[in-house]
Every structure is written in C-alpha cells, then in structure tokens.
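Here is what each chain is made of, one letter per residue.
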Amino acid sequence: MLVHGKNVFGSIDQETRCSHYNTEVDRIAIKYKCCKEYYPCYKCHEEHTSHTIEKWAKDERDTKAILCGSCGDELTIREYMNHGTHCPKCNAQFNINCRMHYHLYFDL
C-alpha cells in the first residue's frame, strides 16, 4: 500500500496499521535493513519475504528508517528511539509497547 508516497508492505490502512498491530497508536512502519522495504511489523516482514531480518547496527542510528503513518515524516532510528512515544514532527502518539521489539530491528 502506498502511504505518504512510500510503499508499505503488509499495511492495511493509510497510517501503516497491519492485521497484527492495529490499535489507534500503531502508526509506524520500519524500513528493514535487509531489503530496504517498509513493513509495519516483523510479522508482516516474515509473511511477505523469504529472508531473515538483518538488524540495524548501532553506528547506523542516523539512518532514516522509521515512517510516521500520521504525517509521513521519515525519522532516523535515533529520533525514533529518543521519541518512541510520539512523532517529533506531528506529535502523533506511537505505541510505547513497540520498545519490546527493538531487539528484533536494532542492535542494542
């Protein structure tokens, strides 16, 4: 699905929600290092690809890899990790529980 001009695979609405995570605050997509494609969650990535997730390294935290589904701003990994509860541009609330999955996407 095209969300703010970006292809987001697995998305079911215009704010990047998916069938796995679709509450009001589920509004980010992650660009995966392994394929450079946006997915709303790791489950969507697993369903749509045949490769394993490659994590973003600590020295890649300035890479724009998070898409705010509310305004379309692309955040760096560092911005996202520092503002994990909301978008620093539009202030839309993010799901704070996404922090529990950081280890799947980022080297900690």
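Our subject is the structure listed above.
Scope of this entry: the structure provided in the associated data block.

Rules behind the numbers
Residues numbered from 1 in each chain as written. Predicted model: local features only at pLDDT ≥ 70, side-chain atom pairs only at ≥ 80, totals over all residues. Heavy atoms only, no water. Core = buried A, V, L, I, M, F, W, Y, C linked by side-chain atoms within 4.5 Å. Buried < 20%, exposed > 50% of the residue type's maximum accessible area, 1.4 Å probe, protein only. Helix = DSSP H or I, 4+ residues; strand = E, 2+ residues; numbered from the N terminus. Pairing = 2+ DSSP bridges. Salt bridge = Lys/Arg side-chain N within 4 Å of Asp/Glu carboxyl O.

Things to note about the nonpolar core
Phase 1 of the analysis: Counting residues in hydrophobic clusters, the biggest one holds 21 residues, and the most contacted among them are Tyr-32, Ile-66, Leu-75, Tyr-80, Phe-94, Tyr-105 and Phe-106.
Phase 2 of the analysis: Mapped onto this core, the elements with two or more residues apiece are strand S3 (28-31), helix H1 (42-48), strand S5 (64-68), helix H2 (77-82) and helix H3 (102-105).
Phase 3 of the analysis: Broken down by element, this core gets its largest block of residues, three residues, from S5.
Phase 4 of the analysis: Within the second largest apolar cluster, five residues are counted, among which are Val-3, Val-8, Ala-29 and Leu-67.

Some points on the sheet that holds S5
Phase 1 of the analysis: One open sheet holds the four strands; their spatial order is S4-S3-S5-S6, and the pairing between them is antiparallel. Of all strands in the sheet, those bounded by a partner on one side alone are strand S4 (38-39) and strand S6 (74-76).
Phase 2 of the analysis: Bridge count between S5 and S6: three bridges; the pairing is antiparallel. Each bridged residue has a counterpart across the sheet, and for Leu-67 the counterpart in S6 is Glu-74.

Examining the pattern of salt bridges
Phase 1 of the analysis: Taken as a whole and assessed by the stated rule, the structure comprises nine salt bridges.
Phase 2 of the analysis: Arg-78 is the salt-bridge partner of Asp-62, the closest N and O atoms lying 2.9 Å from each other. Separated by 16 residues along the polypeptide, Asp-62 in the loop between H1 and S5 and Arg-78 in helix H2 bring together distant segments of the chain.
Phase 3 of the analysis: Among the residues examined, Asp-62 registers a relative accessible area of 56% and is labelled exposed.
Phase 4 of the analysis: The class for Arg-78 is partly exposed, based on a relative accessible area of 38%.
Phase 5 of the analysis: Each of Asp-13, Glu-15, Arg-17, Glu-24 and Arg-27 takes part in a single network of salt bridges with overlapping partners.

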